[in-house]
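Below, each chain spelled out in residue letters.
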Amino acid sequence: MNADLSVDESYQWCVEVARTQAKNFYYSFLLLSLPQREAMCAIYAFMRYCDDLSDDEGIADRAAAIARWRDDLEHALNGRLSGHPLWPAFVDAVERYKIPHQYFFAMIAGVSSDLEPRCIQTFAELYDYCYHVASVVGLTSIHIFGFDDPKALELAEKCGIAFQLTNILRDVREDYEKDRVYIPAEDFARFGVSPATLVSTEGLFSLMEFEANRARDYYRESAPLVAMIHPRSRASLKALIGIYSRLLDRIVASNYDVLTRRIRVPTWEKVWILVKSKLK
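Here's what I pulled together on the structure shown here. The structure displayed is predicted, hence computed values, not measured ones.

This paragraph deals with the overall build of the protein chain. A tally of regular secondary structure across the protein chain gives 14 helices and two strands. The globule rule puts the C-alpha radius of gyration for 280 residues at 19 Å, and the 19 Å found for the protein chain is close to it. Counting only C-alpha atoms and orienting by the principal axes, one finds that the protein chain spans roughly 55 × 50 × 35 Å. Here the protein chain, with 280 residues, has 52% of them falling under the buried criterion. Of the contacts formed within the protein chain by residues at least 6 apart in sequence, a portion of 72% connects residues at least 24 apart. Surface summary for the protein chain: the accessible area is close to 12,800 Å², and the carbon and sulfur share equals 52%. A gap of 7 Å separates the mean positions of the 33 positive and 39 negative side-chain charges of the protein chain.

Have a look at this one:
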């Protein structure tokens, strides 16, 4: 990797990462100004790499790899860039939009917690996990979108919770296969379902419905966020919320059939959400 990559070349690399890997996020980026879009791609590329480090079983020592990445982050934020192509664009975006550094360290702490098998016990524990891997993304993003009211920070946190709860419902089977159970044990007990064996039962259906309603509550609570960010960015946030909300709708409409298939929002529907968000 070229340590002498220019900022423009680094942004080009980040845009390509987002274009090819950000299945839901990238569509919303298209409604932003070019500088904002590039900054969002740089932030996404950082988050994507963090996530990949925790999931890539081909890495012999993932904990050590994440520790090195954390060190690289600290060095980059202090002006000492390693050879990774992300850093010139990432540092430029962080400085340009005055993004608090703690969000990035919180993300690394969140993905580090996925290195060992997980069995979340309570919703408070789940909320903390969602904050570290999703709310910090929302908190970072609104600095690029622009906002004036400090209450936007609280709402961005809740919006991130809604998104991650949606992801958790979609990924129940994949996470289970990785020894990760994010739906709280207290909720399994509430509906008489065992987290040790996931099979389609009436109890599991009721549990999934409960979690979907919880996600909807967070979408509703965070809805005023759109009006709090700067007008030029609202269409992008509306599109992102629209795509994730539609994903939740599709999960519900499938009768929570997430054990046999991965529920997706098709490309044509994402484009339609994009158009509606731009026109409204």
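The next thing to look at is the pattern of salt bridges. Following the criterion strictly, the structure yields 24 salt bridges and no others. Sharing partners across several salt bridges, the network here consists of R170, D171, R173, E174, E177 and R262.

So, on to the nonpolar core. Counting residues in each nonpolar core, the largest one holds 96 residues, and the members touching the most others are F46, L73, F90, F104, L126 and L225. Here this core gets twelve residues from one element, more than from any other, and that element is helix α7 (residues 123-145). Ignoring sequence-local partners within four residues, the contact set of F104 consists of I43, F46, M47, L73, F90, V94, I99 and T140. If you look at the next biggest cluster of nonpolar residues, it comprises seven residues, including Y27, A235, I273 and L274.

As a further point, take empty space enclosed by the protein. Tallied over the full model, the rule gives two cavities of 30 Å³ or more. Volume-wise, the largest cavity comes out at about 70 Å³. If you trace the largest cavity, you find it lined by I168, V172, D175, Y176, R180, V181, Y182, I183, F188 and L198. Where the lining of the largest cavity is concerned, the elements lending two or more residues are α9 (172-177) and β2 (180-181). Sorting elements by how many residues they give to the lining of the largest cavity places α9 first, with three residues. Classifying every residue of the lining of the largest cavity by side-chain character gives eight nonpolar, no polar and two charged. If you go around the second largest cavity, the residues you meet are L126, L165, I168, L169, I183 and E211.

Calculation notes
Residues numbered from 1 in each chain as written. Predicted model: local features only at pLDDT ≥ 70, side-chain atom pairs only at ≥ 80, totals over all residues. Heavy atoms only, no water. Helix = DSSP H or I, 4+ residues; strand = E, 2+ residues; numbered from the N terminus. Rg over C-alpha atoms; globule rule 2.2 N^0.38 Å. Buried < 20%, exposed > 50% of the residue type's maximum accessible area, 1.4 Å probe, protein only. Contact = heavy atoms within 4.5 Å. Areas by Shrake-Rupley, 256 points an atom, 1.4 Å probe, with all protein chains shown as cover. Lys, Arg positive; Asp, Glu negative; His and termini not counted. Charge placed at Lys NZ, Arg CZ, Asp CG, Glu CD. Salt bridge = Lys/Arg side-chain N within 4 Å of Asp/Glu carboxyl O. Core = buried A, V, L, I, M, F, W, Y, C linked by side-chain atoms within 4.5 Å. 1 Å grid on protein atoms, 1.4 Å probe; cavity = no way out; pocket = protein on both sides within 12 Å on 5 of 7 lines; lining within 4 Å. Points joined across faces, edges and corners; volume = space filled by probe spheres on them. Nonpolar A, V, L, I, M, F, W, Y, C, P; charged D, E, K, R; others polar.

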